[in-house]
Amino acid sequence: MSGKSDIKLIENGVRLDGRKPDELRPIKMEIGILKNAQGSAYVEWGKNKAIAGVYGPRVMHPKRLSNPTESTVRVTYNMAPFSVEDRKRPGPDRRSVEISKISSEALSKVIETHLYPDTSIDVFIEILQADAGTRCVGLTAASLALADAGVPMRDLVVACAAGKAGGEVILDLFKDEDNFGEADLPMAIAPRTGEVVLLQMDGQMTNEEFEKGFDLAYNGCLKVYEMMKQALLAKEVQQ
Ligand code: ADP
């Protein structure tokens, strides 16, 4: 996120991939795609491809980690070696540990964890193809998978990023904008209450730009929320 590049990321209000500043990438969602997980979802978001699978609530292993008053939400975010241009070294790294942590914190805000003491709810997010914004795509897939598994939640979690590239505040950065832009602002909300359950920022923006980016990301989340409801309804109709 150097912000230093000769590439013109936005010209006459049009971005390198043809989008307007406040436009999302095309999004496709599918629920219940894995036979062996209790709940699952596949999300394609621009060139990102992510699968989420959910197990639980189930007895916590190892037992010493169990919480006698509530269920523990454990998220494992993983990027496949073939998900990026140069092969990614397999296995966890600092970035995946961080994304797993913030994702489990965000999901814990909406899951009725008090109903299932001493258990764990295990969520696995696999990024098959990455093109910036994968934490938002992964969280959205995880939330759909939890709903598919029938895990009681007060709300869905919906995620979307905004940021700054080519000097403009824009919605849903793709890889070139993330690489050569000035800032990235991923957000996740619980749309029914409006609670912000994740907010991070990488790069630099003025206060005014931050506020604009915040509103853009929030409204982006609301658009994604509508798609999530449609995808969940479509699954229900199928059954
Ligand atoms: P997010 O995917 O949530 O935007 P980052 O900002 O950390 O998270 O990453 C931005 C993008 O950079 C990723 O979506 C991916 O395309 C790329 N990327 C991240 N980690 C690696 C890596 N280890 N190797 C190659 N590309 C990576």
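Residues numbered from 1 in each chain as written. Predicted model: local features only at pLDDT ≥ 70, side-chain atom pairs only at ≥ 80, totals over all residues. Heavy atoms only, no water.

**Q** Sorry, what's going on with unusual backbone geometry here?
**A** Trans peptide bonds make up most of the peptide bonds, and negative phi angles are found at most residues other than glycine. A cis geometry characterises the amide bond from G56 onward to P57, with omega recorded as 5°. Relative to the helices and strands, P57 is located in strand β5 (residues 48–59). Cis geometry is adopted by the peptide bond preceding P62, which originates at H61 and carries an omega value of -5°. Along the polypeptide, P62 turns up in the loop between β5 and β6 (72–79). (Helix = DSSP H or I, 4+ residues; strand = E, 2+ residues; numbered from the N terminus.)

**Q** What is the right way to look at the pairing of strand β8 (residues 158–165) in this model?
**A** Two faces make up the sheet, and in a regular strand the side chains alternate between them. In terms of residue burial, β8 counts as a mostly covered element, since 8 of its 8 residues are buried. Bridge count between β8 and strand β10 (residues 183–190): 7 bridges; the pairing is antiparallel. Residue V158 lies in a different strand from β10, and its bridge partner there is I189. Sheet topology note: the β8/strand β9 (residues 168–171) ladder contains 4 bridges and is antiparallel. Its bridge partner lying in β9, A165 is registered against E168. Between the end of β8 and the start of β9, which pair antiparallel, lie 2 residues, with G166 showing a positive phi angle near 60°. (Buried < 20%, exposed > 50% of the residue type's maximum accessible area, 1.4 Å probe, protein only. Pairing = 2+ DSSP bridges.)

**Q** Would you mind showing me how to read the state of the cysteines here?
**A** Working definition: the covalent bond between the sulfur atoms of two cysteines is a disulfide. If you walk through the whole model with that rule in mind, you get 0 disulfides. Free of any disulfide, C136 has its nearest neighbouring cysteine sulfur in C160, separated by 6.3 Å. Of all cysteine sulfurs in the structure, the one in C221 sits closest to C160, which takes part in no disulfide; the separation is 5.2 Å. Given a relative accessible area of 0%, C160 falls into the buried group. (Disulfide = S-S within 2.5 Å.)

**Q** Would you mind going over the site of the ligand with me for this structure?
**A** Taken together, M79, V84, K88, R95, A130, D131, A132, G133, T134, R135, K175 and D178 are the residues near the ligand. In the environment of the ligand, an oxygen atom lies 2.6 Å from a nitrogen or oxygen atom belonging to the side chain of R95. Here A132 contributes a backbone N or O atom positioned 2.8 Å from an oxygen atom of the ligand. When isolated, the ligand has an accessible area of 530 Å², and the protein chains bury 76% of it. Put simply, the parts of the chain that give the shell around the ligand at least two residues each are α2 (134–149) and α3 (175–180). Here the shell around the ligand is built from residues that sort into 4 nonpolar, 2 polar and 6 charged. (Near = heavy atom within 4 Å. Polar contact = N/O pair within 3.5 Å; in protein donor to acceptor, adjacent residues only side chain to side chain. Areas by Shrake-Rupley, 256 points an atom, 1.4 Å probe, with all protein chains shown as cover. Nonpolar A, V, L, I, M, F, W, Y, C, P; charged D, E, K, R; others polar.)

**Q** What is the right way to read the packing of aromatic side chains from this model?
**A** The geometry of an aromatic ring pair is captured by the separation of the ring centres together with the interplanar angle, meaning the angle of the planes. Inspection of the entire model under this criterion finds 3 aromatic pairs. Between the aromatic rings of F210 and F214, the centroid separation amounts to 6.2 Å while the plane-to-plane angle is 50°, which identifies the pairing as tilted. Of this pair, F210 and F214 both sit in helix α4 (residues 207–238), 4 residues apart, roughly one helical turn. Each residue in the set F210, F214 and Y218 is aromatic and connected to the rest through ring pairs, giving one cluster. (Phe/Tyr/Trp six-rings, centres within 6.5 Å; stacked < 30°, edge-to-face > 60°.)

**Q** Can you help me understand the nonpolar core in this one?
**A** Among soluble globular proteins, nonpolar side chains are generally buried collectively. Counting residues in hydrophobic clusters, the biggest one holds 58 residues, and the most contacted among them are L107, I111 and L146. Those residues in contact with L146 that lie beyond four places of it in its chain are V54, L107, I111, I121, V123, V151 and M153. By size, the runner-up hydrophobic cluster in this structure holds 5 residues, among which are L9, I10, A165 and L173. (Core = buried A, V, L, I, M, F, W, Y, C linked by side-chain atoms within 4.5 Å. Contact = heavy atoms within 4.5 Å.)

**Q** So what exactly am I meant to see when it comes to helix α1 (residues 94–108) here?
**A** For an α-helix, the turn length of 3.6 residues means that residues three or four places apart are oriented alike. With 15 residues, α1 ought to run about 21 Å at 1.5 Å a step, and its terminal C-alpha atoms sit 21 Å apart, in line with that. Where the residues of α1 are buried, they touch β6, α2 and β11 (195–199). (Expected span 1.5 Å × (residues − 1).)

**Q** Would you take a moment to explain the sheet that holds β5 for this structure?
**A** Through backbone hydrogen bonds, the strands of a sheet pair up, either in parallel or in antiparallel fashion. The 5 strands lie next to each other as β3-β4-β5-β7-β6, forming an open sheet whose pairing is mixed. In the strand order of this sheet, the two ends are held by β3 (27–31) and β6, each with one partner. Pairs of neighbouring strands in the sheet enclose a mean axial angle of 15°, with direction left out of account. As paired strands, strand β4 (residues 39–45) and β5 are joined by 7 bridges and run antiparallel to one another. (Axes fitted to C-alpha atoms, helices over the stretch in contact; angles between N-to-C directions.)

**Q** I would appreciate a short explanation of the pattern of salt bridges in the present structure.
**A** Close approach of charged atoms allows side chains with opposite charge to pair. This model, assessed by the stated rule, comprises 16 salt bridges. Measuring nitrogen to oxygen at the nearest pair gives 3.2 Å for the salt bridge that ties R135 to E98. Here R135 is found in helix α2, whereas its partner E98 is found in helix α1, with 37 residues between them in sequence. When the shortest N-O distance is used, the salt bridge between R154 and E112 registers 3.0 Å. Taken together, the residues span a long stretch of sequence, with R154 in the loop between α2 and β8 and E112 in the loop between α1 and β7 (119–129) at a distance of 42 residues. Residue R154 is classed as partly exposed on the basis of its relative accessible area, which comes to 39%. Several salt bridges share partner residues, and in doing so they unite R15, D17, R19, R25, D131, D172 and E177 into one network. (Salt bridge = Lys/Arg side-chain N within 4 Å of Asp/Glu carboxyl O.)

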